[in-house]
Amino acid sequence: MAQDRALPARPLLLREKPHVEALLMPAESPEQQALAAPAILALCTLPRALSGDGADRLAEVFDLPRREAELAMALADGYSIAEAAERMGLTLETARNYSKRLYAKLGVRGQAELVRLVYESCAVMG
């Protein structure tokens, strides 16, 4: 890839747990082309734990009760509603009710949209 800049970018799994990926691509900028030897770039994604303050920020920005914001953060962290309910000490029915209220208040149509909204908010900063 360093020799042939026409090759497409290539994803690479570096580690299973914690999950770490890289995207390998030929170096394209003039600065990188000036290197003595061909080079490639590796852009890595690293696992990131959500901040403990995220639920507070989410609750404040969207005017949510704290427990609903905690559920939103748990869902964004990859837990199912059942797993989040267990972690939060809620019944499954209560967690489902919270999720329905979250969807209505936030104007999202499901868990995927909720997760995107959380990750586009300030809740994940810090």
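Placed above this text is the structure.
These figures come from a predicted structure and were not determined experimentally.

Draft legend 1. A look at the overall build of the protein. Helix and strand counts for the protein stand at six helices and three strands. Reading the protein from its N terminus to its C terminus gives the helix and strand order β-β-α-β-α-α-α-α-α. A buried classification covers 33% of the 126 residues belonging to the protein. Pairs at least 24 residues apart make up 41% of the contacts formed inside the protein by residues separated by at least 6 positions.

Draft legend 2. Spatial organisation of the nonpolar core. One finds L58, L64, L71, L102, L106, L114 and V118 to be the most contacted residues of the largest nonpolar core, which totals 27 residues. Top element by residues in this core is helix α3 (residues 66–76). It accounts for seven residues. Setting aside anything within four residues of it in sequence, one finds L71 in contact with A84, M88, A95, Y98, S99 and L102.

Draft legend 3. Geometry of the pattern of salt bridges. Overall, the coordinates contain six salt bridges when judged by the stated rule. The residue R101 makes a salt bridge to E68 at a minimum N-O spacing of 2.8 Å. Of this pair, R101 sits in helix α5 (residues 92–106) while E68 sits in helix α3, placing them 33 residues apart in sequence. One network of salt bridges, with partners in common, ties together D56, R66, R67 and E70.

Draft legend 4. Structural context of α3. Counting buried residues along α3, nine of its eleven residues qualify, which places the element largely inside the surrounding structure. Those residues of α3 that fall on the buried side of the exposure criterion are E68, A69, E70, L71, A72, M73, A74, L75 and A76. Looking at the residues trailing α3, positive phi occurs at G78, about 100°.

Draft legend 5. Focus on the pairing of strand β2 (residues 20–26). The two faces of β2 differ: V20, A22, L24 and P26 on one face are buried, but E21, L23 and M25 on the other face are not. As paired elements, strand β1 (residues 10–15) and β2 share five bridges and run antiparallel to each other. Its bridge partner being in β2, L12 is matched across the sheet by A22. The hairpin turn running from β1 into β2, its antiparallel successor, is four residues long.

Draft legend 6. Fine view of the packing of helix α2 (residues 54–62) against α3. Across the interface, α2 lies against α3 with an axial gap of 8 Å and an inter-helix angle of 120°. Taken as axis vectors, α2 and α3 run oblique relative to one another. Where α2 crosses over α3, the two elements pack in a sense that is right-handed. Contacts between α2 and α3 involve G54, A55, D56, L58 and A59 from the first element and R66, A69, E70, A72 and M73 from the second.

What counts, and at which threshold
- Residue numbers here run from 1 along each chain, matching the order of that chain's written sequence.
- The model is predicted, so local features are restricted to residues of pLDDT at least 70 and side-chain atom pairs to those at 80 or more, both for listing and for counting; the totals for chains, interfaces and linings are taken over all residues.
- Derived side-chain values reflect all non-hydrogen atoms in the structure, with water molecules and hydrogen atoms excluded from consideration.
- Here a helix means four or more residues in a row that DSSP labels H or I, a strand means two or more in a row labelled E, and each is numbered from the N terminus.
- Burial classes: relative accessible area under 20% of the type maximum marks a residue as buried, over 50% as exposed, and values in between as partly exposed (1.4 Å probe, protein chains only).
- Pairs of residues are marked as contacts when any of their non-hydrogen atoms sit within 4.5 Å.
- Note on terminology: a nonpolar core comprises buried Ala, Val, Leu, Ile, Met, Phe, Trp, Tyr and Cys residues joined through side-chain atoms within 4.5 Å.
- Think of a salt bridge as a Lys or Arg side-chain nitrogen and an Asp or Glu carboxyl oxygen that are within 4 Å of each other.
- Paired strands are those between which DSSP finds at least two bridges.
- Note on geometry: axes are C-alpha line fits, over the in-contact stretch for helices, and angles between N-to-C directions span 0 to 180 degrees.
- The labels follow the angle: roughly parallel below 35 degrees, roughly antiparallel above 145, roughly perpendicular from 65 to 115, and oblique for the rest.
- A clockwise turn of the near helix away from the far one marks a right-handed crossing, whereas an anticlockwise turn of less than a right angle marks a left-handed crossing.

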